[in-house]
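Coordinate inspection notes
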2 protein chains.
Amino acid sequence: MLLKLFDMTCKKSLSLALVQHACNRNYQQNLDRSLDGIREAAAKGAQLILLQELHTSPYFCQQEQTSYFDLAETIPGPTSNRFASLARELDIVIVTSLFEKRATGLYHDTAVVLERDGSIAGIYRKMHIPDDPGYYEKFYFTPGDHRDKAGTNTAFTPIKTSLGHLGVLVCWDQWFPEAARLMTLAGADILLYPSAIGWDEEDHAAEQQRQRSAWRTIQQAHAIANGIPVAACNRCGVETADDGKGRIRFWGSSFVAGPQGEILAEAPIDDSAISLVELDLTHSEAVRRLWPYLRDRRIDAYSDLSLRYRDQTETHQH
Amino acid sequence: MLLKLFDMTCKKSLSLALVQHACNRNYQQNLDRSLDGIREAAAKGAQLILLQELHTSPYFCQQEQTSYFDLAETIPGPTSNRFASLARELDIVIVTSLFEKRATGLYHDTAVVLERDGSIAGIYRKMHIPDDPGYYEKFYFTPGDHRDKAGTNTAFTPIKTSLGHLGVLVCWDQWFPEAARLMTLAGADILLYPSAIGWDEEDHAAEQQRQRSAWRTIQQAHAIANGIPVAACNRCGVETADDGKGRIRFWGSSFVAGPQGEILAEAPIDDSAISLVELDLTHSEAVRRLWPYLRDRRIDAYSDLSLRYRDQTETHQH
C-alpha cells in the first residue's frame, strides 16, 4: 500500500527529455541533431535534457586506431561551450557526453553537466570501461579516478544542479548495481545514463532480444533497488567501422523508468525521438517509505563487496 | 555475439523444479502439498526442488502475537527430518524453509538445504528482515549472523551440494543487489529465493502491477548482473490474519530466469503449480565471457557500500 504524503505540500516535478538520434561521420550534422533536439524538447517544456554517449561522432571504438584520438576535446572546449551557451539561452540543464582530452595520452569518456547559466555544474568520467568485440573502449578511455586533491573519496557522487542531484553515469556503468547504489547513498535524486549500445547483426533474433531486454531490465532494477527514477539515452542507427570489419545496429530504446522501475517513456529502436517525461521527484519519498531498503541494508556484512572475488572462502573451488 | 564454447565438452545440466501452492492453518495439509509437489516434480526428472518461504504455515507475520512462536522448530527437527527423508528416498536435493527456533527467545527465518543422502548440506538464516504493514517480520526473526566460531566472515556464502553451489537467500533479500553479488563472488552457480509476497487488496490494480513487476524485474537483474540463473518460489492464495485486520493476496508467479535474465518458466498468479526447468549451468560461462562484469568491477571505489549513507559528502544536504 503506497501511503499518501500528508506532510508534503509541494510536489517537486521535473520535466526530463531524452534526445535519441543516429550518428555519422559528419560532426556538424551530429551536433545539429543534438542541438535541434534540445530546442524542440525545451520548447515543449523540458527543464533537463539527457543526450547520448559520444553523440557528436560515430562510435569509433569499433576499432583501435590512434587517429581517433583527434576527436577528443578539452573541457571546457568547443563542444562543451556550444552546449553551455544553449543551456544558458534556453535556461535549462543539459547532460552531454564527449571524448575528453585531459592531457596528452590521457583521455576519458566524460559526461558534462551544464547549468542553466551556462556554467559547468560538474563532470563525470566513466568509471567502468568495457572491452569486448566491437567495443574496444579500454584502448581509448582511462577509467575515471575518484580522489580529489584533498584525498576525499568522490567516487560515484551526484552532480549538484538547480534541478536536483544528478547521478550521472555512463553506458557500461549501467551493468553495475554498485555504481547506482553509491550514487543513491550520496543523495542522487535520479540516475542518468548516456549510452551507446547495439546489436551484432550476426546474432540471431532471440539473442538480440535477450540483450536489449537485459539492458533495460538491469536499469529498471537500479530504479527499484534505490527508489529513484532512471533514464538512459541511447543512439540508434547502423554504423560500420572504417576498416569495414565491424558493424553495429544501435538499438535506440532510450527510456525513463519511475522509482518502482515502471516504464514511463520509451523511444523506438530504429528512429530518432525526443522522449519527454514529467517526473514527480517527491514520489521517491512515498516509495522509499514503503520499500525501505536503505533502512535494512546489512552494512555489517557487505565488506567483501570490495574484493575481486571471495577466494578466501572454501566455495570458490569449482 | 555469444561465442560457442570450443573448450567445454560436457554440458552441466540441472533439472530444477519450483513447488508453488497456497497455505492454510492446517500444518499437515500444507506439508502434504509440498511433499506431493516434490514427488510429482521428481517423477518428472527434477534433481533440485525449491519450496516457498515458510510453506508449512499461514504467513503469520501479518500480526504480532507471541503464540505464533509455537510454530518454530529446531534444525534438525520434525519438519526438516521429513524433507530429509524424502530427499534421500528420491535421491534429490531439496531447499526447504522454516521458522527456526535456535534458542529460547532466538528465532530465525531459515532455509535448509537437504542433500540426496538426507543430510543437511547447510542452512541459511535470512539476513535482511522486512517490517512494513502486513509483514511484521522484525518481531519474529533475528537477522542472520555471519561469523563462524573461528571469526571467519561467512555472510552470503553458497551452500555446497552434489548439484553445485547454491546461493540460497530468502524473500526480502531479493531486493538487495549486494546479497546476490556476494553470493556470486563466493562462487554461487545459481540464486534461489523462497518467498512469501503478495498484494494489499486495497491497492489499485496499477500499483499491484508495479509491485509484482518490480519483484520480478529486480531478481532478473540479479541474474544479469551476475551471469547466473535465478529462481524464486512464492506462495499463492489469499490469507486473512487471525485478528481479521490483515489480508494478503499472495501473487504466486514463481519463476526461473537464465543468466541473461530471460524468463524460462513462470507459474500462474493464483493457482498451485510445479515449474520444471532444465538449466544449462555451462551457459553462465558463455555469458560471463561476453559480459565480463566481474573483470571490470571498480573495487578500488566501492568501499562506501559498507556505509549506511555517505553523509560525509557534501551532496547529502537536501
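Everything quoted here is computed from the prediction, not taken from an experiment.

1. Here's the deal with the interface of chain B and chain A
Size of an interface: often given as the accessible area lost when the parts come together. On the side of chain A, 73 residues touch chain B, which itself brings 73 residues to the contact. Each partner contributes to the roughly 7,100 Å² buried at the junction of chain B and chain A, and carbon and sulfur atoms together form 56% of this total. Broken down residue by residue, the surface that chain B buries against chain A is led by B:Leu305, B:Arg308 and B:Arg310, which jointly contribute 10%. Counting across the interface, chain B meets chain A through 6 salt bridges. Between A:Glu178 and B:Arg297 there is a salt bridge, and its shortest N-O distance comes to 2.9 Å. Applying the counting criterion to the chain B and chain A interface returns 37 residue pairs in polar contact (both at pLDDT 80 or more). Going through the elements one at a time, helix H4 (177-185), helix H5 (205-226) and helix H7 (293-296) of chain B are the ones with two or more residues in the side of chain B that touches chain A. By residue number, the principal contributor to the side of chain B that touches chain A is H5(B), which donates 10 residues.

2. Focus on the pairing of strand E3 (residues 93-103) of chain B
Residue and element names in this part refer to chain B. For E3, a buried count of 8 out of 11 residues is recorded, marking the element as mostly surrounded by other parts of the structure. Alignment of E3 against strand E4 (residues 106-114), held across 9 bridges, turns out to be antiparallel. Note on E4: the bridge partner recorded for Val95 is Val113. Here E3 folds back onto E4 in antiparallel fashion, the turn holding 2 residues, of which Gly105 has a positive phi close to 85 degrees.

3. Some points on the packing of aromatic side chains
Overall, the coordinates contain 52 aromatic pairs over all chains when judged by the stated rule. Note on A:Tyr293 and B:Phe176: the rings are 5.6 Å apart at their centroids and 80 degrees apart in plane angle, and the pair reads as edge-to-face. One end of the pair, A:Tyr293, is in helix H7 (residues 293-296); the other, B:Phe176, is in the loop between strand E7 (164-168) and H4, on a second chain. The same class applies to A:Tyr293 and to B:Phe176, which are both buried. Ring plane angle 45 degrees and centroid distance 5.9 Å describe the contact between B:Phe60 and B:Tyr68, whose orientation is recorded as tilted. By relative accessible area, B:Tyr68 is classed as buried at 12%. One residue, A:Arg235, lies across the ring of A:Phe250, its end atom 5.4 Å from the ring centre.

Here is what the cut-offs are and how they apply
- Residues numbered from 1 in each chain as written.
- Chains lettered and ligands numbered in written order.
- Predicted model: local features only at pLDDT ≥ 70, side-chain atom pairs only at ≥ 80, totals over all residues.
- Heavy atoms only, no water.
- Contact = heavy atoms within 4.5 Å.
- Buried area = accessible area lost by both parts, 1.4 Å probe.
- Salt bridge = Lys/Arg side-chain N within 4 Å of Asp/Glu carboxyl O.
- Polar contact = N/O pair within 3.5 Å; in protein donor to acceptor, adjacent residues only side chain to side chain.
- Helix = DSSP H or I, 4+ residues; strand = E, 2+ residues; numbered from the N terminus.
- Buried < 20%, exposed > 50% of the residue type's maximum accessible area, 1.4 Å probe, protein only.
- Pairing = 2+ DSSP bridges.
- Phe/Tyr/Trp six-rings, centres within 6.5 Å; stacked < 30°, edge-to-face > 60°.
- Lys NZ or Arg CZ within 6 Å of the ring centre and 35° of its normal.

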